[in-house]
Amino acid sequence: MGEPEAGLNFHELELDDRLLRDIARLGWISPTLVQEKAIPFLLEGKDVLIRARTGSGKTAAFAIPIIQNVLRYKRETAVRETSVLVMAPSQDLCHQISKVFANLTYSCGPMMRVVDLSSKEEKATQRHLLSERPDIVVSTPARLRAVLADGTLNVRESLRCVTIDEADLMFSFGFEKDLKEVLKHFPPVHQSVLCSATLENDVVALKKMILHNPVILKLEEPHLAVGSQLAHYQIEAEEMDKAAILYTVLKLKLIQGKCIVFVKSVDQCYRLKLFLEQFGIRSCILNSELPIKIRCHTVNQFNQGVYDTIIASDEQMTDDPKLVKKKSSKKPSTKQILQQTESESSVSRGIDFQCVSCVVNFDFPSDINSYIHRAGRTARGKNNGSVLSFVSVNELETKKRVEEFLQTLAGDMEFKMKDFNFNFEEVEAFRYRAKDAWRAITKLSIREARVKELKMEIFNSEKLKSFFEENPRDLQTLRHDRQLHTVQVQEHMGDVPEYLVPEALKPMVDIMNAKRRKKLLERHAQAKKRQSKADEDDPLLVDGIDYTKKSRM
């Protein structure tokens, strides 16, 4: 069977005008490699196994033909029915997939309904959502099994397409039994799609369970961007100096664009946020303690450019999955390391951070797998990126192993992390400030910050849920980079005096300080205006006579 023609644009795929309108609204002009190869086969109704790395556009590759086919069904019959099921191994990915479907069905209005069952909703709420027979249901296998078993959802007669995303994680996340039970509720004839980053034994087993004579799209792509697209930098420093370097490069805008700072623990997340807060550097936090809706909302706003800096703890952002790690006494090969990386990075691998210009390893990754996972957040698609790693004495051996492994990926070209040129003598005053700010953060302040952030985000996630459902535009005003104020912040620390700045960077800092002063003046003027209005509105009574400004007028 021949492959579809190369170089197609979306408008050449004979898609519905409403779908093309939403694709254009998202700014997509031409399909990615995986979309170009997969969409024509899926539009024909064939079973397809898609193998491509995260960030290659797999979600849109199956979402676009699903929507097109559903619109075609609707032209043939007026009956409302659930014809598509999409499964993913975590809430994060289910929400992300639902978001893609929502964006691509915006012009369809109420005609196309998508329901995400992965959230921990009450049974009554799920029953109400499913009673309207949504066209597309997105869920984890466990949630889907529950609603199929109790009869809340019945797809024996209506199901036309089943899609499983991140199929290589399904068994390792403990969903094998759920999948087998779910399959019992499917009709014998339907289209099936598997999306996976690998073709390991678990995927082969799943392929046998649900696919029938499938088209296999095996798109070979490097796990990390190569050549000049991704630059690797390192600087040797201990923890206190790491903080000083990060403060300096962020404050002086030596890192341009969006940045993800990886740390080793949740406590370190808050320590770093409280540290940067003292210098007026705003950042938001991403870790598994936060509610799932807040994590997804934070990532979405980061992708939209609302925030420039995210501090992320290097852990699995999942709803308590049980990962099965494969151990071996032998030294792993390059292929085994890459496969293990994909398995252990799991859902974090699936989270789609867009247009990240720099990844900072504040704490150097504990192993090769973690380094590849972190570095893979930048230089995605055709964008360039860089990785800046801070390396302490205890982390030198791990860094050496990472360099050796990356050399195997580089092939004949010699690979070595470049030294990040940072002259401490020129910024000694920054180092002095940073030392005091870092020492001011105590274990108690970190604990208070964790509790405060968690309380605020739970409130945002649960108490305001119904309000945001009715007022979706107001959700955009919800921010996650608020100051926690569990450490005393001195106003002057946010400014950078001229005498602190190296000569070469003074023009840049003058512009930054001018903008900051302008904002402060505007804020002060607004506060004064509000106070004046309050004075006019509050009555001033003396001997029963109203002496407010309004009464005198």
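The coordinates are above.
Participant: How should the state of the cysteines be read in this particular structure?
Facilitator: Disulfides are covalent bonds that link the sulfur atoms of two cysteine residues. Per the counting criterion, the structure on display carries zero disulfides. Among the cysteines around C358, which has no disulfide bond, C259 carries the closest sulfur, lying 4.9 Å off.

Participant: Which parts of the structure should I look at to understand helix α2 (residues 33-43)?
Facilitator: Helical periodicity: at 3.6 residues per turn, an α-helix aligns residues three or four positions apart in one direction. Where burial is concerned, most of α2 is hidden: 10 out of the 11 residues are buried. For α2, the set of buried residues is V34, Q35, E36, K37, A38, I39, P40, F41, L42 and L43. Packing partners of the buried residues in α2 comprise β1 (48-51), α3 (58-76), β6 (191-196) and β7 (215-218). Just past α2, the residue G45 takes up positive phi, approximately 90°.

Participant: Would you mind going over the sheet that holds strand β9 (residues 258-263) with me for this structure?
Facilitator: The strands that make up a sheet pair up through hydrogen bonds in the backbone, lying either parallel or antiparallel. Strand order in this open sheet of seven strands is β10-β11-β9-β12-β13-β8-β14, and the pairing throughout is parallel. One side of each edge strand has no neighbouring strand; the edge strands of this open sheet are β10 (284-286) and β14 (418-419). Bridge count between β9 and strand β12 (residues 356-361): five bridges; the pairing is parallel. The residue of β12 that forms the bridge with V261 is V360. Running at roughly 150° to strand β13 (residues 385-391), helix α9 (residues 239-251) makes contact with β8 (230-236), β9, β11 (309-313), β12 and β13 of the sheet.

Participant: What is the right way to read the side chain of S83 from this model?
Facilitator: Tracing the backbone shows S83 in the loop between α3 and β2 (84-87). For S83, the contacting residues outside a window of four places in its chain are V70, Y73, D135, S158, L159, R160 and C161.

Participant: Teacher, can you tell me more about the pairing of β9 here?
Facilitator: Along any regular strand the residues' side chains alternate between the sheet's two faces. Across the six residues that make up β9, a large majority, six, are buried. Both faces of β9 are covered, namely the face carrying K258, I260 and F262 and the face carrying C259, V261 and V263. Where β9 lies against β11, five bridges are found, and the strand directions are parallel. Directly across from V261, in β11, lies its bridge partner I311.

Participant: Sorry if this is basic, but what is going on with the environment of R25 here?
Facilitator: Positionally, R25 belongs in helix α1 (residues 17-25). Assessed through its relative accessible area of 43%, R25 is described here as partly exposed. R25 sits 78 residues away from N103 along the chain, and the two C-alpha atoms are 8.8 Å apart. Those residues in contact with R25 that lie beyond four places of it in its chain are N103 and Y106.

Participant: I keep staring at the nonpolar core and nothing clicks. Help me out?
Facilitator: A general tendency of soluble globular proteins is for nonpolar side chains to be buried together. Counting residues in each nonpolar core, the largest one holds 45 residues, and the members touching the most others are L246, Y270, L272, F275 and F362. Of all the secondary-structure elements, those providing two or more residues to this core are α9, β9, α10 (266-277), β12, β13, α15 (428-439) and α16 (443-463). Apart from the residues lying within four places of it in its own chain, the contact partners of F362 are E239, K242, A243, L246, V261, F262, V263, Q268, L272, F390 and W438. The next biggest cluster of nonpolar side chains, apart from the first, holds 44 residues, and it includes I39, F41, I66 and V70.

Participant: Explain a positive patch on the surface here, please?
Facilitator: Taken together, the side chains of K253, K515, K519 and R523 define a basic patch exposed on the protein surface. Position of K253 among the secondary structure elements: in the loop between α9 and β9. By relative accessible area, which is 39% here, K253 ends up partly exposed.

What counts, and where the lines are drawn
Residues numbered from 1 in each chain as written. Predicted model: local features only at pLDDT ≥ 70, side-chain atom pairs only at ≥ 80, totals over all residues. Heavy atoms only, no water. Disulfide = S-S within 2.5 Å. Buried < 20%, exposed > 50% of the residue type's maximum accessible area, 1.4 Å probe, protein only. Helix = DSSP H or I, 4+ residues; strand = E, 2+ residues; numbered from the N terminus. Contact = heavy atoms within 4.5 Å. Pairing = 2+ DSSP bridges. Axes fitted to C-alpha atoms, helices over the stretch in contact; angles between N-to-C directions. Core = buried A, V, L, I, M, F, W, Y, C linked by side-chain atoms within 4.5 Å. Patch = residues over 30% accessible without salt bridge, like charges linked within 9 Å, V, L, I, M, F, W, Y side chains within 5 Å. Areas by Shrake-Rupley, 256 points an atom, 1.4 Å probe, with all protein chains shown as cover. Salt bridge = Lys/Arg side-chain N within 4 Å of Asp/Glu carboxyl O. Lys, Arg positive; Asp, Glu negative; His and termini not counted. Charge placed at Lys NZ, Arg CZ, Asp CG, Glu CD.

No statement about biological role is implied by the geometric values presented.
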